[in-house]
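Residues per chain, in single letters:
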Amino acid sequence: MNIIGPDALVFGVDDIDACATYLTAYGLNPASVDAKGGRFEALDGTAIVIRRRGDPSLPPPLESGSMMRLIVYGVADRATVQAVGDELARDRQVQRLADGGIEAVDDHGFPLRFQVTNRRPLDLPGERINAPGAPAQRGVNHIGVWQDMPAKPRTLSHVVCFVPDIAAAEQFYVNRLGFKVTDRLGNAGPFLRPAGTQDHHTLFFIQTPPHMKGCEHFAFHMGGPTELMLAGTRFLKAGYQSFWGPGRHKFGSNWFWYFNSPLGCHVEYDADMDLHDDEWTPREAPMSPEASQAFLFEHREKWAPGGPPPPGAGKPGH
Amino acid sequence: MAEILCRFDELRDGEARGLGPFDGSGAKAFIVRRHGRLFAYWDACPHYGDTPMAWRTNAYLNAAGDRIVCASHGAEFEIETGRCVVGAALGKSLTPAPIEATQEGAVVFNR
Ligand code: FES
Ligand SMILES: [Fe+2]
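Residue numbers here run from 1 along each chain, matching the order of that chain's written sequence. Lettering for chains starts from A, numbering for ligands starts from 1, and both go in the order in which the items are written. Given that this is a predicted model, residues contribute local features only at a pLDDT of at least 70 and side-chain atom pairs are listed and counted only at 80 or more, while totals for whole chains, interfaces and linings are drawn from all residues. By convention in this description, side-chain values take in all heavy atoms of the structure and omit both hydrogens and water.

A closer look at the side chain of His221 of chain A
Part 1: Tracing the backbone through its elements, the reader meets His221 of chain A in strand 13 (residues 214-221).
Part 2: Identification of polar contacts relies on pairs of N or O atoms within 3.5 Å, with a donor-acceptor requirement for protein atoms, meaning one able to donate a hydrogen and the other able to accept it, and with residues adjacent in sequence counted only if both atoms are side-chain atoms. Of note is the side chain of His221 of chain A, whose polar atom sits 2.8 Å from the side chain of Asp199 of chain A. Working definition: helices are DSSP H or I runs of at least four residues, strands are E runs of at least two. Numbering for both runs from the N terminus.

Put into structure tokens, the structure is as follows:
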């Protein structure tokens, strides 16, 4: 089934103002915002949507109180929406929406919507590097970084959920929706790739007791590690709380930097994720700090070498 | 020995403030003023164990200012007891920090 990945995540939040301020500072574009909530878009139109917790237009909340209320999947075409609807209607209620989309819940009760994707195609250069022995990617006289270089989230990358039953979660997405397992972290869970993308994962699960069920984090792709570092540094300087990173994951090879958020989950910048196709054989490693990252750093204040200038420096007459 | 951190009347009711790190250990704490009383906890969520709880400087409370919220996964805690009432830290409690308001209105850290 030609599912591309998440087009949007919808949250029912406690504090609309806090979330609006947060998502804008993170780098999303406030496309429409009012007292009821808002839609905050990445460059390709994928988005985080916020509503009040009690908003009657939202699917009912999970018992855990998790604020994530709906995952909206973008698929290739109407035929795929139809095929997903037919498949899920075999054993659960499928709601057909006026706009042609459908809604149903997964085996853990997470509400899902499927729609023909509304992503705008992006045509932007990625990060270019120069390395001895390889042809230069950045030509002569092209600089690699400047202080106010743009660093905006490009597209919604992935969502990670706490679930009590990893096997059930994996089976639902693999057997019913055609996702592929790219890799597995033991005691945590599978990295899952839908058929319509080559991204290493758009979905990952972590096994927890039932009262924790909900969203662990979501991530947007940046244009490269430099953009990730710049965006994260700006976010931190604006007073937001770093949670984990910057670093680089092993499975997926994506650079990461996670922050706390008022949406009841972590929010990540990621960059430079591996691509896979069906030829790939999944790897497996037990969940551990060693398996989770190739390296991990922590931010510190800017600094420069050298003390004060030597006596007499800068005076004329030398 | 008590270290003076701030004045109690700098805080409005329903307001929180992050403090520290203390003892060069990197350990931070936060205080909350509610109904004229001061409550203090270490800034470490009992869900993951030792991770920071605010989403921005001093942002430890919900919109109504009547619960502490962990900005990692949204667990909510009673301000008075530190007990988790909903979410990922259910069954666990925040650890009180040795911070109190003196008769003279100073907020002090007791080491
Ligand atoms: S670390 Fe605080 S709720 Fe998970
Ligand atoms: Fe991630």
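Focus on the pattern of salt bridges
All names here are of chain A.
Part 1: For this analysis, a salt bridge means a side-chain nitrogen from Lys or Arg found within 4 Å of a carboxyl oxygen belonging to Asp or Glu. This model, assessed by the stated rule, comprises 25 salt bridges over all chains.
Part 2: Across the pair Glu170 and Arg184 runs a salt bridge, and its minimum N-O distance is 2.6 Å. One end of the pair, Glu170, is in helix 3 (residues 166-176); the other, Arg184, is in strand 10 (residues 180-186), with 14 residues separating them in the sequence.
Part 3: Here the residues in one salt-bridge network are Glu87, Arg90, Asp91, Arg92, Asp107 and Arg176, joined through shared partners.

Some details on the environment of Arg7 of chain B
Residue and element names in this part refer to chain B.
Part 1: With respect to the helices and strands, Arg7 occurs in strand 1 (residues 2-7).
Part 2: Note on definitions: a residue-residue contact is assigned when non-hydrogen atoms from the two residues lie within 4.5 Å. With sequence-adjacent residues up to four places away left out, Arg7 is seen in contact with Glu104, Gly105, Ala106 and Val107.
Part 3: Polar contacts involving the side chain of Arg7 include one to the main-chain carbonyl oxygen of Glu104, which spans 3.2 Å.

Regarding helix 4 (residues 225-237) of chain A
All names here are of chain A.
Part 1: A helix's residues, less one, multiplied by 1.5 Å, set its expected span. Counted at 1.5 Å a residue, the expected span for helix 4 with its 13 residues is 18 Å, and the 18 Å between its end C-alpha atoms agrees.
Part 2: When a residue's accessible area, from a 1.4 Å probe over protein chains only, is under 20% of the maximum for its type it is buried; when over 50% it is exposed; and in between it is partly exposed. Residues of helix 4 that are buried include every one of Pro225, Glu227, Leu228, Leu230, Ala231, Gly232, Phe235 and Leu236, and no others.
Part 3: Contact partners of the buried residues in helix 4: helix 1 (16-26), strand 14 (242-248), strand 15 (255-259) and strand 16 (266-271).
Part 4: Two residues or fewer after helix 4 comes Gly239, characterised by a positive phi angle close to 105°.

Concerning the coordination of the iron ion (ligand 2)
The reference angle at a metal is 109.5 degrees if four donors form a tetrahedron and 90 or 180 degrees if six donors form an octahedron.
Residues and elements named next belong to chain A.
Part 1: Distances define the donors: N, O and S atoms within 2.8 Å of the metal qualify, as do those within 3.2 Å of Na, K or Ca. Water is excluded, so some sites may look unfinished. The protein atoms donating to the iron ion (ligand 2) are His158 (NE2), His217 (NE2) and Glu268 (OE), with metal-donor distances spanning 2.1 to 2.2 Å.
Part 2: When the donor residues of the iron ion (ligand 2) are listed from N- to C-terminus, their spacing reads H-x58-H-x50-E. Pair noted here: His217 is in strand 13 and Glu268 is in strand 16, with a separation of 51 residues, a long-range link.
Part 3: Given the relative accessible area of 0%, Glu268 is considered buried.

Comments concerning the pairing of strand 10 of chain A
Where a strand is regular, its side chains alternate between the two sheet faces.
Residue and element names in this part refer to chain A.
Part 1: With 5 of 7 residues buried, strand 10 lies mostly within the body of the structure.
Part 2: Pairing of strand 10 with strand 11 (residues 189-193), which is carried by 5 bridges, proceeds in the antiparallel orientation. Directly across from Lys180, in strand 11, lies its bridge partner Arg193.
Part 3: By definition, two strands form a pair when at least two bridges between them are found by DSSP. Bridge count for strand 10 against strand 17 (residues 283-286) is 4 bridges, and the pairing is parallel. What sits directly across from Leu185, in strand 17, is Ala285.

So, the nonpolar core
Part 1: Counting residues in each nonpolar core, the largest one holds 68 residues, and the members touching the most others are Phe11, Ile48, Ile50, Phe114, Tyr173, Phe218 and Leu263 of chain A.
Part 2: The element that contributes the greatest number of residues to this core is helix 1 of chain A, accounting for 7 residues.
Part 3: When neighbours within four sequence positions are excluded, Phe114 of chain A is seen to be in contact with Ile3, Tyr73, Val75, Val81, Val84, Leu88, Gly101, Ile102 and Leu177 of chain A.
Part 4: We define a nonpolar core as any set of buried Ala, Val, Leu, Ile, Met, Phe, Trp, Tyr and Cys residues linked to one another through side-chain atoms lying within 4.5 Å. Of all hydrophobic cores here, the second largest spans 18 residues; its members include Cys45, Ala54, Phe77 and Ala89 of chain B.

Digging into the sheet that holds strand 9 (residues 155-163) of chain A
Sheet strands line up and pair through hydrogen bonds in the backbone, either parallel or antiparallel.
All names here are of chain A.
Part 1: Across the sheet, which stays open at both edges, the 10 strands sit in the order 17-10-11-12-9-13-16-15-14-18 with mixed pairing between neighbours. Edge positions in the sheet fall to strand 17 and strand 18 (295-296), since each of these pairs with one other strand and no more.
Part 2: The strands touched by helix 1 are strand 13, strand 15 and strand 16; relative to strand 16, the strand with the most contacts, the crossing angle is about 10°.
Part 3: Contacts between helix 3 and the sheet are confined to strand 9, strand 10, strand 11 and strand 12 (203-207), with strand 12 contributing the most and set at about 160° to the helix. Angular values range over 0 to 180 degrees, each being the angle between N-to-C directions of two axes fitted as lines to C-alpha atoms, with helices fitted over their stretch in contact.

Notes on helix 1 of chain A
Part 1: Listing the buried residues of helix 1 of chain A in full gives Ile16, Ala18, Cys19, Ala20, Tyr22, Leu23 and Tyr26 of chain A.
Part 2: Positive backbone phi, at 125°, marks Gly27 of chain A, one or two positions downstream of helix 1 of chain A.

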